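Structural overview
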Amino acid sequence: MSEKKERLYSLDVLRGLDMLLLTVIGPIMMSINSAWGLPPAVVAQFNHAWGGFVLWDIIMPLFIFMCGAAIPLALTRRLDAQGRPTAGFWKHILGRVVLLWFLGMLVQGQLLTFKPLQIHPYCNTLHSIAVGYFFTALVMLVPSKAVQFAIGPLLLLVYGLLLHFGGDYTRDGNFAAIVERAFYRPFLPAGHRVFEVGGGYTWVLTSLQFVAMTLAGYYSTLVLRSGFPQKKKAIILFVYAFAALGLAFALSPVVPIIKQIFTVSCTLLAIGWSVLALAVLYVLTDILKLRSGMGLVLLFGQLALTAYMLHSPPIAAGLKALAKTFAQGAPQIFGATAQPFVVAVVECGIMIFLMKCWKIIKTR
């Protein structure tokens, strides 16, 4: 089998690390903080803030990035010999979009209330992935690779100009929030509070950035699946990563890094860190073949959506209640102070057990 046909181990590893950070490392670190306390600088790495970029801020854009990275692998084989989409191509795309949209509304926690005013149709990471997936799949059909590679930067430019000249960079005064309120207002009765940015995100106009982030992952896999030698592929990714990071930091004095509205500097920073992480892992796992001890990471990488769903509020609440039941005798052994940590560890253990069971079922 040629290298071009081999599975890219680094993609599964990076996806797995992202999900481990979200579902295991973050919760355990917060449980340690609840039990014994952590330095404020460490705690800050696991909390979103308006402005700046911390470790916790990479999870969502990296998830979107990895979705784009999977597109050439999932969709190329669904094109015919002339590179045209088959019925299977459209079936796969539309099926994936519908599934992600439904699951996104399900994990929002309000779907089963059957109260339209409580169910925002576009408000979840899975929705942003669905949007990025759909439009990146369309970009994939563009015959010219040069045009494909130009669309991502163009989206960044258009979004950046709209935000910079259409408002300011405050929570309520930024142009993405203005568009968000204008979009939702016609669907709500007079006096009902429209969707505000607040501690959340903007989604409608920010879709431009979700697509750009997905395209960044798509571009990266095109490089990795190209006919270049492995070392050249790695060099291209490193140059790509440092160019994005350099541009992000250069823009940041004028365009602040704000994750909630995905300012251009924030998106470029996220792209840079994502590509850099992929490049490092490509060197380590696909070139040097350093793959031992990766079982848990691969489990989360191959079942990323399952891990995300288990971590979602409606399901996580049940897992936490189960974990508290299993750990109810722990204070007698470890002391009451350690209880938040013990519960978090048990909850993560239950999640990993369920994922392993699901993997066994899927492979049968």
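The sections below set out a description of the structure shown in this document. What you see as residue numbers is a count from 1 along each chain, following the sequence as written. This being a predicted model, a pLDDT of at least 70 is required before a residue's local features are given, and a value of 80 or more before pairs of side-chain atoms are given or counted; all residues contribute to the totals for chains, interfaces and linings. Think of the side-chain values as coming from all heavy atoms in the structure, minus any hydrogens and water.

1. With respect to the environment of K145
Heads up, the rule is: Numbering of helices and strands runs from the N terminus; a helix is a DSSP stretch of H or I covering at least four residues, while a strand is a stretch of E covering at least two.
Relative to the helices and strands, K145 is located in helix 6 (residues 145-166). Distance from K145 to G68, taken between C-alpha atoms, is 16 Å for residues 77 residues apart in sequence.

2. With respect to helix 9 (residues 230-251)
As a reminder, the rule being used: The span you would expect from a helix comes to 1.5 Å times its residue count less one. Exposed residues in this analysis have more than 50% of their type's maximum accessible area, buried residues have under 20%, and partly exposed residues fall in between, with area computed by a 1.4 Å probe over protein chains only. Each direction from the helix axis to a C-beta atom contributes to the arc, which is the arc of those directions. Contacts were defined at the residue level, with two residues in contact if any of their heavy atoms lie within 4.5 Å.
Taking 1.5 Å of rise per residue, the 22 residues of helix 9 would be expected to cover 32 Å, and the 32 Å separating its terminal C-alpha atoms lies within 8% of that figure. The set of residues buried in helix 9 consists of K233, A234, L237, A241, A244, L245 and A248. Along helix 9, the residues classed as buried sweep out an arc of 100° about the axis, all on the same side. Opposite the buried face of helix 9, at more than 90 degrees from it, the exposed residues are K231, I235, V239, F242 and A250. Elements in contact with the buried residues of helix 9: helix 8 (207-224) and helix 10 (264-287).

3. What about unusual backbone geometry?
Phi is positive for F262, close to 50°, though the residue is something other than glycine. Here F262 shows up in the loop between helix 9 and helix 10. Classification of F262 as buried rests on a relative accessible area of 0%. In this model, K289 sits at a positive phi of 60°, which is unusual for a non-glycine residue. Along the polypeptide, K289 turns up in the loop between helix 10 and helix 11 (295-302). Judged by relative accessible area, K289 falls into the partly exposed class, the value being 42%.

4. Details of the pattern of salt bridges
Stated formally: Think of a salt bridge as a Lys or Arg side-chain nitrogen and an Asp or Glu carboxyl oxygen that are within 4 Å of each other.
Under the defined criterion, the tally for this structure stands at five salt bridges. The shortest N-O distance in the salt bridge between D12 and R15 comes to 2.9 Å. You can see D12 and its partner R15 sitting in helix 1 (residues 9-35), three residues apart, about one turn around the helix. With its nearest N and O atoms 3.6 Å apart, the salt bridge here joins D286 to R291. Exposure remark for D286: the relative accessible area of 4% places this residue in the buried category. Residues joined in a network through salt bridges with shared partners are R7, D12 and R15.

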